[in-house]
Amino acid sequence: MSVEFFIFLMVAAVAVMAALGLLLSRNAIYAAMFLILNMASVAVIYLLLNAPFIAAVQVAVYAGAVMVLFVFVIMLLGAEKLSQADTKPALKWQRPLSIGLGMALFVALGAVMITRLGVTPAATLIDTSPLAIGKALFTTYLLPFEVASVLLLAAVVGAVVLTKKS
Amino acid sequence: MTSIEPVILLSAVLFTIGVVGVLTRRNALMIFMSVELMLNAANLAFVAFAQQWGNLDGQLFVFFIMAVAAAEVAVGLALIVAIFRTKRSTDVDELSQLKG
C-alpha cells in the first residue's frame, strides 16, 4: 500500500464522517461546519488526483465564499436550531423510504462502477498546472468563460432584487 | 494515485448521503447543503475521470460547475431569506399554499 493510498483512505474516512455528520446533525451551524470539513478533505483528494488548481479553487470558493454565505444566512435568520418538523417528518414512511431508495441508488452506482470501470487503461500524466488550465480557459473555453461571467452578474443582480424590501 | 476506482466509490458514497439528506431533511437550508454535497461528489468524479483519461477538460468542467454553484447559492439563499420574511420559517412543509 503506497503512501498516497494511505493518505487517501484517511482523508476519505474524514470526508464520509463529515457527510454523515451533515446528514445527522440537529443544528444548522454544526451541519455547515461538517460541510466545510467535507469540502476541505475533498480538496486534499483533488491534490492527490493531480489537480492543484481545482484544489485551490475548492478551498477558496467552496469552503470559503459559499460556506461563509451559508453561515451568514443561518445566523441572520437565527435558524440554527432546527424545528421539530425537521427532526420528526410529517410523513411516517418518509425516512425509511428515503433510506431504502438511497441504498438502491448506491447499489446501482456500485454495480455500474464494478462492471464498467477497470476496463480503461490509466492514461499518461498530463500537465495540470494553473498555466495549462488558464491557457485552455482562454482559448478552447473562452465562450463558456464569458457566459459564466454573465451568469454570475445575473446572480448578483437577482440576489439583490430578491432580498430588497419592496 | 494510480487507480481511480476508490475515488469513484467515495464519490458514490458522498452522492448517496446527499440524496438521503435531500429526501429526509425538511429544512430548506439543510436541503440546500445536501445539494451542495451532491455537487461536490459529482465534481470529485469529474476530476477522477480527467485523471483516468489524461484529459484536462474534466478539470475545466469542474471550474464551470463551481461558478454555476456559486451563482446558485447566491440566488437560492436570497430566495430562502425572502421566504423567511413572509413565513418566519425555513421549513419546506410550511410552503403548502398550492395544495388543493
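Just so we're clear, the structure is a prediction, and the values are computed from it rather than from any experiment. (Residues numbered from 1 in each chain as written. Chains lettered and ligands numbered in written order. Predicted model: local features only at pLDDT ≥ 70, side-chain atom pairs only at ≥ 80, totals over all residues. Heavy atoms only, no water.)

**Re the overall build of chain A**
Part 1: Of regular secondary structure, chain A possesses seven helices and zero strands.
Part 2: Helices and strands in chain A line up, N terminus first, as α-α-α-α-α-α-α.
Part 3: Residue burial in chain A is summarised as follows: out of 166 residues, 35% are buried.
Part 4: Taking the intrachain contacts of chain A between residues at least 6 apart in sequence as the baseline, contacts between residues at least 24 apart amount to 59%. (Helix = DSSP H or I, 4+ residues; strand = E, 2+ residues; numbered from the N terminus. Buried < 20%, exposed > 50% of the residue type's maximum accessible area, 1.4 Å probe, protein only. Contact = heavy atoms within 4.5 Å.)

**Here we look at the environment of alanine 132 of chain A**
Part 1: Note that alanine 132 of chain A resides in helix H6 (residues 130-138).
Part 2: When residues no more than four places from it in sequence are discounted, the contact partners of alanine 132 of chain A are Asp127 of chain A together with Leu56 of chain B.

**Observations regarding the domain arrangement of chain A**
A common way to state how big an interface is: give the accessible area lost once the parts meet.
Part 1: On domain assignment, one finds that chain A holds domain 1 (3-123) and domain 2 (129-166).
Part 2: The gap between the C-alpha centroids of domain 1 of chain A and domain 2 of chain A is 25 Å. (Domains from an automatic or database assignment.)

**What to know about helix H7 (residues 142-163) of chain A**
Part 1: Here H7 of chain A contains 22 residues, and its C-alpha end-to-end distance of 32 Å stays within 8% of the 32 Å for a straight helix at 1.5 Å per residue.
Part 2: The complete set of buried residues in H7 of chain A reads Ala148, Ala155 and Ala159 of chain A. Looking straight down H7 of chain A, one finds its buried side chains confined to an arc of 25°; they lie on one side. Exposed side chains of H7 of chain A directed beyond 90 degrees from the buried face belong to Leu143, Val150, Leu153, Val160 and Val161 of chain A.
Part 3: In this fold, the buried residues of H7 of chain A make contact with helix H3 (57-87) of chain B. (Expected span 1.5 Å × (residues − 1). Arc of directions from axis to C-beta.)

**Some remarks on the environment of asparagine 38 of chain A**
Part 1: By the secondary structure assignment, asparagine 38 of chain A is in helix H2 (residues 28-48).
Part 2: A relative accessible area of 0% places asparagine 38 of chain A in the buried class.
Part 3: Residues asparagine 38 of chain A and valine 16 of chain A, spaced 22 residues apart in sequence, show a C-alpha to C-alpha distance of 7.5 Å.
Part 4: With residues up to four places along the chain from it excluded, the contact list for asparagine 38 of chain A reads Ala15, Ala18 and Ala19 of chain A together with Leu14, Leu37 and Asn40 of chain B.

**A short note on the nonpolar core**
Part 1: Residues Tyr46 and Phe70 of chain A together with Met33 and Leu44 of chain B are the most contacted members of the largest nonpolar core, which totals 70 residues.
Part 2: Breaking this core down by element, the ones donating at least two residues are helix H1 (3-24), H2, helix H3 (52-77) and H6 of chain A together with helix H1 (5-24), helix H2 (28-53) and H3 of chain B.
Part 3: Viewed by domain, this core spans two of them, domain 1 (3-123) and domain 2 (129-166) of chain A, each represented by three or more residues.
Part 4: If sequence neighbours within four positions are ignored, phenylalanine 70 of chain A has contacts with Leu29, Phe32, Met33, Glu36, Val73 and Leu77 of chain B. (Core = buried A, V, L, I, M, F, W, Y, C linked by side-chain atoms within 4.5 Å.)

**So, the interface of chain B and chain A**
Part 1: Tallying the contact residues gives 70 residues for chain B and 79 residues for chain A.
Part 2: Taking both sides of the interface into account, the surface hidden between chain B and chain A amounts to around 6,800 Å²; carbon and sulfur atoms contribute 77%.
Part 3: Counting across the interface, chain B meets chain A through zero salt bridges.
Part 4: Where chain B packs against chain A, one counts eleven residue pairs in polar contact (both at pLDDT 80 or more).
Part 5: Of all the secondary-structure elements, those providing two or more residues to the side of chain B that touches chain A are H1, H2 and H3 of chain B.
Part 6: Ranked by residue count, the leading element in the side of chain B that touches chain A is H3 of chain B, at 24 residues. (Buried area = accessible area lost by both parts, 1.4 Å probe. Salt bridge = Lys/Arg side-chain N within 4 Å of Asp/Glu carboxyl O. Polar contact = N/O pair within 3.5 Å; in protein donor to acceptor, adjacent residues only side chain to side chain.)

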